[in-house]
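Report on the structure
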Amino acid sequence: MFRWIVKRDLTLAWRRRADVLSTLFFFIIVVSLFPLGIGPEAQLLKSVAPGVVWVAALLASMLSLNRIFANDYQDGTLEQMLLTPQPLFLVVLGKVLAQWLVAELPLVLIAPLIGIQFDLPLDTLVILCLSLMIGTPVLSLIGSIGAALTLGLRGGGVLIALLILPLYIPVLIFGAGAVDASINGQSPAPHLYLLGALAVLSLAFAPWATSAALRISLE
Amino acid sequence: MRWRGAPISSLGEEYNKVITYLGHRNAVKEELNSIENLRIVSGLAGEELNTAAGQNALARVGLAGRDHLPARFLSEGQRRRSAIARLLTRNSALWLLDEVLASLDLAATKLIETIIGEHLSAGGIAIVATHHELRISASSFKRLELEPAQLADAVVLG
């Protein structure tokens, strides 16, 4: 049943490819604007790179968040899903996994290419990719809570950003911190461990909170 | 509320296995064709639906030959009917139908009445809330008329 949810959401995303690509291009463009705006000073670019890439990843993930539930809410599929014989927890987890695969994984994969614009060395690119790999699932999981809470509200998109961006701060600090440490020749491991801890924590609690929020939104 | 003697709240997800709910919104995904829509609903309920069974159900509701069109090419009435096909492909005992006759023409209304009648004859239960006249041929049904002020007319069948 879990695989049906993931498969369904992936099929839907494939039929609406433009949505997926727009998130990816948003990420690429935002990150590319900074070297143009700041100028070609290699040292300066290198030092802002971790923050810029991570902030762009947060913003790009905001763009795709309201798609997790909004479409299914509008056409009534979500109430049907609440009535399926399986824990809502699994439905949420399946949808979040699909959202991550569709919207976040492409960012992780394109990030090393983008890092080259900032003159990052190879081992830092690997750390950048790794930190995004561990960090972006946290973004999807925490974001799903906001998406569920703002279902059916007008101006929900802006509201999600206000609710969720503050909660993204720890991910931003440790994610960008890992890349920063790697640039300065320190070990990124402590940052990555903390990021991993955040991932485990949000995996345990976010689907539960999202399920509760969905029940409230659909009452 | 109880289902077969046990309180619904204690049954949890088990209870969801026996009900099929059809609400105001069709829950038909526009990007998917009618067969895919049916298969996903069955899949989520933990049942496997083969293509032939899906096509039979769609033919029954008058969508034969349209099963490979994405639902966005269907009219409102056709979408409604492809939602109704769910009742035929899920074999659940209890149907909860909310305004099931909305945006259906006369022929489709007759079809729904027949489908509900067959479900009842086979020992199923249907709870229908509707503003429209519903003529069911099955012997056992109860009609519950609510306050005229609320302009609501609910029929309980079983």
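The preceding data block contains the structure.
Residues numbered from 1 in each chain as written. Chains lettered and ligands numbered in written order. Predicted model: local features only at pLDDT ≥ 70, side-chain atom pairs only at ≥ 80, totals over all residues. Heavy atoms only, no water.

1. A word on the interface of chain A and chain B
Selection rule: Working rule for contacts: check all heavy atoms of both residues, and any pair within 4.5 Å makes them a contact. When a carboxyl oxygen of Asp or Glu is within 4 Å of a side-chain nitrogen of Lys or Arg, the pair counts as a salt bridge. Under this definition, polar contacts are N or O atom pairs within 3.5 Å; protein pairs additionally need one hydrogen-donor-capable and one acceptor-capable atom, and for neighbouring residues in sequence, both atoms have to be side-chain atoms. The numbering of helices and of strands both runs from the N terminus, where a helix is a DSSP run of H or I of at least 4 residues and a strand a run of E of at least 2. Here the nonpolar group is Ala, Val, Leu, Ile, Met, Phe, Trp, Tyr, Cys and Pro; Asp, Glu, Lys and Arg are the charged ones; every other residue, Gly included, is treated as polar.
Each partner contributes to the interface: chain A provides 26 residues, whereas chain B provides 23 residues. Its salt-bridge partner being Asp75 of chain A, residue Lys29 of chain B comes within 3.0 Å of it at the nearest N-O pair. Counting the contacts that link chain A with chain B gives 10 residue pairs in polar contact (both at pLDDT 80 or more). Contributions of two or more residues to the side of chain A that touches chain B are made by helix 1 (2-15), helix 4 (70-74) and helix 5 (77-82) of chain A. Of all the elements, helix 1 of chain A adds the most residues to the side of chain A that touches chain B, at 7 residues. For the side of chain A that touches chain B, a count of residues per class yields 11 nonpolar, 8 polar and 7 charged.

2. A word on the nonpolar core
As a reminder of what qualifies: Note on terminology: a nonpolar core comprises buried Ala, Val, Leu, Ile, Met, Phe, Trp, Tyr and Cys residues joined through side-chain atoms within 4.5 Å. For each residue, the accessible area found with a 1.4 Å probe, counting protein chains only, is set against the maximum for its type, and the residue is called buried under 20%, exposed over 50%, and partly exposed in between.
The biggest cluster of nonpolar side chains holds 61 residues, and the ones touching the most others in it are Phe27, Val31, Phe69, Leu132, Tyr168 and Leu214 of chain A. Beyond its immediate sequence surroundings of up to four residues, Leu214 of chain A is in contact with Phe69, Leu78, Leu88, Val92, Ala148 and Leu151 of chain A. Formed by 30 residues, the second largest nonpolar core is a distinct cluster that contains Leu22, Leu58, Trp95 and Ala108 of chain B.

3. Focus on the packing of aromatic side chains
Which entries qualify depends on this criterion: Between 30 and 60 degrees the pair is tilted, below 30 it is stacked and above 60 it is edge-to-face, where a pair is any two Phe, Tyr or Trp rings, Trp via its six-membered ring, whose centres lie within 6.5 Å. We call a charge positioned over a ring when the NZ of a Lys or the CZ of an Arg lies within 6 Å of the ring centre and within 35 degrees of the ring normal.
Taken as a whole and assessed by the stated rule, the structure comprises 0 aromatic pairs over all chains. Sitting above the plane of the Trp4 of chain A ring, Lys7 of chain A keeps its charged end 4.6 Å from the centroid. Above the plane of the ring of Tyr73 of chain A lies Arg25 of chain B, whose end atom (NZ or CZ) is 5.6 Å from the centre.

4. What to know about empty space enclosed by the protein
Residue and element names in this part refer to chain A. Note the threshold: Residues are called lining when one of their atoms sits within 4 Å of a cavity or pocket point, these points coming from a 1 Å grid over the protein atoms alone, where a cavity is a set in which a 1.4 Å probe fits but cannot get out and a pocket is an open set with protein on both sides within 12 Å along at least five of seven lines. Grid points are joined across faces, edges and corners, and a volume is the space filled by probe spheres set on the points.
Under the criterion given, the structure shown has 3 cavities of 30 Å³ or more. Its boundaries defined by the atoms lining it, the largest cavity holds a volume of some 280 Å³. Mapped by element, the contributors of at least two residues to the lining of the largest cavity are helix 1, helix 2 (17-38), helix 4 and helix 6 (88-115). Take the lining of the largest cavity: its biggest share by element is 5 residues, from helix 6. For the lining of the largest cavity, a count of residues per class yields 7 nonpolar, 3 polar and 8 charged.

5. Structural notes on the environment of Val52 of chain A
Residue and element names in this part refer to chain A. Summarising the element assignment, Val52 is placed in helix 3 (residues 42-65). Measuring from C-alpha to C-alpha, the distance between Val52 and Arg3 comes to 35 Å, with 49 residues separating the pair along the chain. Leaving out residues up to four positions away in the same chain, Val52 has contacts with Val31, Phe34 and Phe118.

6. Digging into the pattern of salt bridges
Evaluation of the coordinates by the stated rule reveals 14 salt bridges over all chains. Of the charged contacts in the structure, one is a salt bridge between Glu48 of chain B and Arg3 of chain A, with a shortest N-O distance of 3.9 Å. Residue Glu48 of chain B is found in the loop between helix 3 (34-44) and helix 4 (51-60), and its partner Arg3 of chain A is found in helix 1; the two belong to separate chains. A salt bridge links Asp9 of chain A to Lys95 of chain A; the shortest N-O distance between them is 3.0 Å. Here Asp9 of chain A, found in helix 1, pairs with Lys95 of chain A, found in helix 6; they are 86 residues apart in sequence, far enough to count as distant. By the burial criterion, Asp9 of chain A is buried, and Lys95 of chain A matches it. One salt-bridge network, in which partners are shared between bridges, spans Arg8, Asp9, Asp72, Asp75 and Lys95 of chain A together with Lys29 of chain B.

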